[in-house]
Amino acid sequence: MVSLREKGLASSLGRSLLVTGGAGFIGANFVHYWLGHHPQDRVVVLDALTYAGNMASLGGCLEQDNFRFVHGDIGDQDLVETLLAEEGLDTVVNFAAESHVDRSIHGPDPFVTTNVVGTHSLLKAAKKVWLDGGSGRPHRFHHVSTDEVYGSLAPEEPSFTETSPYAPNSPYSASKAASDHLVRAYHHTYGLEVSTSNCSNNYGPYQFPEKLIPLIILNILEAKQLPIYGDGLNIRDWLYVEDHCRGIDLVLRKGRAGEVYNIGGNNEWPNIEIVRLVCALVDERLGASEPLRQRFPRSPFCLGRTAESLITFVKDRPGHDRRYAINAGKSRNELGYAPLESFETGIRKTIDWYLASEAWWRAVMNGSYRTWLEMHYAS
Ligand code: NAD
Ligand code: TYD
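Rules used in this analysis
For every chain, the first residue of the written sequence is number 1, and numbering continues from 1 along that sequence. Chains carry letters and ligands carry numbers; both start at the beginning, A for chains and 1 for ligands, and go up in the order they are written. Given that the model is predicted, a residue must reach a pLDDT of at least 70 before its local features are reported, and side-chain atom pairs must reach 80 or more before they are shown or counted; all residues, however, enter totals for whole chains, interfaces and linings. Calculation of side-chain values draws on the structure's entire complement of heavy atoms; hydrogens and water are dropped beforehand. A molecule or strand has a residue near it when one of that residue's heavy atoms lies within 4 Å. Whenever two N or O atoms come within 3.5 Å, that pair is a polar contact, provided that in protein one can donate a hydrogen and the other can accept it, and provided that, for residues adjacent in sequence, both atoms are side-chain atoms. Computed with the Shrake-Rupley method and a 1.4 Å probe, the accessible areas treat only the protein chains shown as cover for residues. Where helices and strands are cited, they refer to DSSP runs of H or I of at least four residues and of E of at least two residues respectively, numbered from the N terminus. Gly is put with the polar residues, along with every residue not named as nonpolar or charged; the nonpolar set is Ala, Val, Leu, Ile, Met, Phe, Trp, Tyr, Cys and Pro, and the charged set is Asp, Glu, Lys and Arg. Classification of ring pairs uses Phe, Tyr and Trp, with its six-membered ring standing for Trp, and accepts pairs whose centres are within 6.5 Å; under 30 degrees between planes counts as stacked, over 60 as edge-to-face, and the remaining range as tilted. Partly exposed residues are those whose accessible area sits between 20% and 50% of the maximum for their type, while under 20% is buried and over 50% is exposed, using a 1.4 Å probe and protein chains only. Working rule: Lys NZ or Arg CZ, within 6 Å of ring centre, within 35 degrees of ring normal, means a charge sits over the ring.

Undergrad: An account of the site of ligand 1 is requested, with residue identities and associated values reported.
TA: Taken together, 28 residues surround ligand 1, and among them Ile26, Asp47, Ser99, Tyr172 and Lys176 come closest. Ile74 is positioned with one of its backbone polar atoms (N or O) 3.0 Å from a nitrogen atom of ligand 1. Compared with its free state, where it exposes 840 Å², ligand 1 has 97% of that area covered by protein. When residues of the shell around ligand 1 are assigned to their parent elements, the largest contribution, three residues, is made by strand 5 (residues 140-146). Split by residue class, the shell around ligand 1 holds 13 nonpolar, 12 polar and three charged.

As structure tokens, then:
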């Protein structure tokens, strides 16, 4: 393999990152963010291209000299060791995961394989190349995790801090919790320079439309039901994806090795309120644009109804966590982290991105896409 460094394409001043899961929702946003904010750095994406991975989300990056895409699995330790060593990589940002709670309930195995065993394999590769190999190279292994590891909050309970006890309730959150513990252990036992960020629910461009916000936007445009699990009063803290990327950037540049940082939006919403907001904003966009009405003639607005008329309460998710809320005080105080996007602006940007990116989501829908609900409750 001829490395980018051998090809003389890299600057000796910059970092060299391995971004795992870089073809997924947050990973792709992170790659765009990183190349835009740190053009002197090199980025190698390692992605297995599962149903959630999409090369189209990396459009524009593929032509850049300081970017390389590698199709592969984080569980392939030999491949990761080769990449770290031959590409001279000094940073891992681990986004690769199975990420959908509903899928984890139906089939937990891939969650254990990728999130637990795969992350452990990555850690072993990093230890071997960066520590055992005696390179002495400054390094950082950053692990991207979730607030779901802390479990569910009652309405009046204070939000999660970095010292909240772990209490994961779904196979997804349990697998993420296990990987967080392994990352911590590799720091304390072997001295690997790790950091972990636990973030709240993200939304924004390139999100696979099985997750709540893109599912609602696209179902309105396609005149499909808007499924609300249970009573719709489960609460999540929502963060625009670029603010998450900004938070990870701060952790990488200013965060201390061995530390955990919570990243959140201070933006709690019951699901039903989010869905009503998205309905109102999509109706507003269609009402203001004849070209949009021509493109989406089946949407309720075009038939004289409201998008809200599609709301349908369905059977609840088993073990559905009631409330998540993040206290990002440590990130704010230590790193200067603060989200830049308000929910009002972020959700409008997101809707506009989906309206403008029909080719992207049509390709996803025409692929292997079926919602968990369609797969398991079709009858
Ligand atoms: P995603 O499902 O959109 O993307 C996951 C990516 O990982 C895909 O590109 C997939 O192809 C790749 N992948 C899966 N298994 C792999 C393997 N074995 N080897 C290599 N690549 C593999 O997920 P996302 O929403 O972008 O989440 C990214 C990370 O952020 C996850 O670790 C998730 O736990 C965490 N997180 C997500 C959210 C959220 O709201 N989406 C919130 C907090 C934390
Ligand atoms: P989701 O986007 O799957 O994220 P997570 O489960 O990781 O929080 O779901 C967000 C919330 O929306 C969660 O409380 C489940 C709920 N939800 C629905 O009510 N209907 C849906 O079709 C989906 C996908 C989620």
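Undergrad: Report on the packing of aromatic side chains, specifying residues and quantitative values.
TA: Per the stated rule, a full pass over the model turns up 16 aromatic pairs. Measuring from ring centre to ring centre gives 6.3 Å for Tyr354 and Trp360, while their planes differ by 75 degrees; the resulting arrangement is edge-to-face. Each member of the pair, Tyr354 as well as Trp360, carries the same accessibility label: buried. A network of ring pairs unites the aromatic residues Tyr203, Tyr240, Trp269 and Phe343 as a single cluster. Sitting over the ring of Tyr190, Lys127 keeps its end group 4.7 Å from the ring centre.

Undergrad: How would you sum up the site of ligand 2? Please name residues and give values.
TA: Residues in contact with ligand 2 amount to 16 residues; listed here are only the nearest, Glu148, Pro227, Arg236, Arg317 and His320. The contact in question runs from an oxygen atom of ligand 2 to an N or O atom on the side chain of Asn271, over 2.9 Å. One nitrogen or oxygen atom from the side chain of His320 is found 2.7 Å from an oxygen atom belonging to ligand 2. Contact with the protein chains covers 96% of the free accessible surface of ligand 2, which is 510 Å². Residue assignment for the shell around ligand 2 shows that the elements contributing at least two residues are helix 6 (212-221) and strand 8 (226-229). Ranked by residues supplied to the shell around ligand 2, first place goes to strand 8 with three residues. Looking at side-chain class alone, the shell around ligand 2 contains six nonpolar, five polar and five charged residues.

Any link to function would need more than the numbers given here.
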